[in-house]
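Coordinate analysis (summary)
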Amino acid sequence: MNFMKILVSDQISELGVAKLKEKASVDVLTELSPEELIARIPDYDALVVRSSTKVTRQVLEAGSRLKVVGRAGVGVDNIDVPAATERGIIVINAPEGNTISAAEHTIALMTSLARNIPAAASSMRAGEWKRTKFMGVELYKKTLGVIGLGRIGSEVVKRAKAMDMNILAYDPYISVEKAEKLGVTLTSLEDIYRKADFITLHAPLTKSTQYLIGEKELSLMKDGVRIINCARGGLINEQALQRALCSGKVAGAALDVFEKEPAVDNPLCSLENVIVTPHLGASTEEAQVNVAVQVAEQVVNALLGEPLVSAVNVPVIPPETLADVKPFIPLMRILGSFYTQVFNGQVEAVEIYYNGEIAAYTVTPLTNSFLIGLLSVMLQETVNYVNAPVIAKQRGIKVREVVSRTVETFTNLITVTVRTSDGCQTIAGTLFNKNDVRIVQIGKYRIEVVPSQYMIVSTYIDMPGVIGRVGTILGGSKINIAGMQVGRQSIGGEAVMVLQVDSPVSEDVLSRVQEVEAILTTRFVKLE
């Protein structure tokens, strides 16, 4: 990692920069123009940004060494994620770092909106004392509609419940069970619009959520409803909201985000019944440290090929299951690499059977690890968690996962059957003591192989003297045998032997092994 170079093009916490410097050479160059960024990016393996730097397709295409883009924050609107995915570049964000700050800002805006605090403060600064003008409402027993029950929405719910608010929530991706644990009632958007006294938005901005609140939705709401948006500009049709605010349909709005930012000329900012802040949801000292450190850790993990917990364009392993799943990552990569180096044929389909305790977890990252091992040897080019499934699809390789808690011999067993132009072959592996990798099936043979960097894999007719003659050839070539395992189906039938050796084996030596009587096939395997 010492030769890796990382460019930080927006201001982030020094603690985040320090975390990057532990593993790589880091340049902090803020306020680069688009042209300057394009000119500099070819020298870097990773780019870390906040919201100012626009990571366009042109930037990504210029980044010939670029492997990862890290966003110190939640949204990745300023990054061309599809273009990054096409080029196999991992896009990482820090979704948890500003959760508390954003939730607290939402509550602050809601209470300020209920009690007219900004307007009252402004009036006093003007030398006025107008108590009746700023009559507010209590939050107690009011109905709060929460649209989006992700990390931030869930934290808002916890705080609103502490103020004895009644919570209605909408989120199509949240189970009834989770909603019950939060103590909220899942309902429809229309129900929220009709019943809520306050509505707060915590949804991402997508094609389906753009203008989630518009003219029609506003017409369904209670007279005097109050709306808070600390999520994304574009969730609310600002022109429709302005009309509803001016007519009195909406009593007030508190906005931290806008369709176009900076929102210096936005007419909503001039309305007396609107509270506005300049995208401050994550603007706390704690949040800035959290997002910088989190994205730095994940950028380093991406460069090292470690599992990720917050990638945008890669299937990730949830943090709560990472410790259980992570040991299987090297196993799957070994199985993929081993397979490609031992068996012939053009790969057409891959079926992976996850049996045992591992079946309870998210297995797609493990499948991608197998594809990385398989394709890296086949293509001799950079294959990673982003482009592995894309490359497989482009090459017409069909991938299927099957999970089952049922397993007979092992606590966990992962079996891969690969269909090629030459037929089907199987390889299987497991873990002993949670992190000790074993290959337990090669083709039709049961075996117990401890993988090493260098191995010779031979199939042969099981007869006396074969293994000894192979050992003599290797010894005469000054190749030390560190270990050996064999597998067979019957005495005198076909068998397989795997030799762990301490150094690479030349083609000449392999040819001499192949010439030994009863040897059927010989392959040299190198695991990176």
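Scroll up to find the structure this text is about.
Summary of the structure given here. (Residues numbered from 1 in each chain as written. Predicted model: local features only at pLDDT ≥ 70, side-chain atom pairs only at ≥ 80, totals over all residues. Heavy atoms only, no water.)

A few words on helix α15 (residues 364-379). Along its 16 residues, α15 runs 21 Å from first to last C-alpha, staying within 8% of the 22 Å computed at 1.5 Å per residue. Every buried residue belonging to α15 is among Pro365, Leu366, Thr367, Asn368, Ser369, Phe370, Leu371, Ile372, Gly373, Leu374 and Leu375, and all of these are buried. On its buried face, α15 sits against α13 (322-325), α14 (328-342), β13 (347-356), α16 (388-394), β14 (398-404) and β15 (412-420). (Helix = DSSP H or I, 4+ residues; strand = E, 2+ residues; numbered from the N terminus. Expected span 1.5 Å × (residues − 1). Buried < 20%, exposed > 50% of the residue type's maximum accessible area, 1.4 Å probe, protein only. Contact = heavy atoms within 4.5 Å.)

In space, the five strands of this open sheet follow the order β2-β1-β3-β4-β5, with parallel pairing throughout. A single partner strand is all that each edge strand has here, and the edge strands are β2 (25-28) and β5 (90-92). Looking at each pair of strands side by side, their axes are set apart by 15 degrees on average, direction ignored. Of the strand pairs in this sheet, strand β4 (residues 68-71) and β5 are connected by three bridges, and their pairing is parallel. Pairing of Val68 across the sheet is with Ile90, part of β5. Against the sheet, helix α1 (residues 14-21) engages β1 (5-8), β2 and β3 (46-49), with an angle of about 150 degrees to β2. Relative to the sheet, helix α12 (residues 285-304) contacts β1, β3, β4 and β5, its axis offset from that of β4 by approximately 170 degrees. (Pairing = 2+ DSSP bridges. Axes fitted to C-alpha atoms, helices over the stretch in contact; angles between N-to-C directions.)

With that out of the way, let us pick up the nonpolar core. In this structure, Ile6, Leu20, Ile90, Val299, Phe338, Val350 and Phe370 are the most contacted members of the largest nonpolar core, which totals 74 residues. Considering every element that reaches this core, the biggest residue donor is α14, with nine residues. Among residues more than four places away in sequence, those in contact with Leu20 are Ile6, Val8, Val26, Val48, Ala296, Val299 and Val300. (Core = buried A, V, L, I, M, F, W, Y, C linked by side-chain atoms within 4.5 Å.)

Within a beta sheet, neighbouring strands are joined by backbone hydrogen bonds and run either parallel or antiparallel to one another. Taken together, seven strands build an open sheet; the order of strands is β8-β7-β6-β9-β10-β11-β12 and the sheet is parallel. Since the sheet does not close on itself, it has two edges, and those belong to β8 (185-186) and β12 (274-276), each with one partner. Pairing of strand β6 (residues 143-147) with strand β7 (residues 166-170) involves five bridges; the strand directions are parallel. Bridge pairing links Ile147 to Tyr170 in β7. Taken strand by strand, helix α7 (residues 151-162) contacts β6, β7 and β9 (198-201), and its axis lies near 170 degrees from that of β6.

We now examine helix α5 (residues 99-115). Between the first and last C-alpha of α5 there are 25 Å, a value that for 17 residues agrees with the 24 Å anticipated at 1.5 Å per step. When you tally the buried positions in α5, you get twelve out of 17 residues, the bulk of the element. All buried positions along α5 are accounted for by Thr99, Ser101, Ala102, Ala103, His105, Thr106, Ile107, Leu109, Met110, Ser112, Leu113 and Ala114. Directly after α5, the chain includes Asn116, whose backbone phi takes a positive value near 55 degrees.

Moving on, we get to the side chain of Glu155. Note that Glu155 resides in helix α7. Residue classification places Glu155 among the buried residues on the basis of a relative accessible area of 16%.

Our focus in this paragraph is the packing of aromatic side chains. Summed over all chains, the structure comprises three aromatic pairs. We note Lys5 situated over the ring of Tyr44; from NZ or CZ to the ring centre the distance is 4.9 Å. (Phe/Tyr/Trp six-rings, centres within 6.5 Å; stacked < 30°, edge-to-face > 60°. Lys NZ or Arg CZ within 6 Å of the ring centre and 35° of its normal.)

Here the residue pair Glu261 and Pro262 is connected by a cis peptide bond, since its omega of 0 degrees sits within 30 degrees of zero. Looking at where Pro262 falls in the secondary structure, it is placed in the loop between β11 (250-255) and β12. Even without being a glycine, Asn116 presents a positive backbone phi close to 55 degrees. Inspection of the secondary structure assignment puts Asn116 in the loop between α5 and α6 (117-125). A relative accessible area of 25% places Asn116 in the partly exposed class.

On to the side chain of Gln341, then. Tracing the chain through its elements places Gln341 in helix α14. Classification of Gln341 by relative accessible area gives buried; the value is 16%. Setting aside chain neighbours within four positions, we find Gln341 in contact with Val377, Arg523, Phe524, Val525, Lys526 and Leu527.

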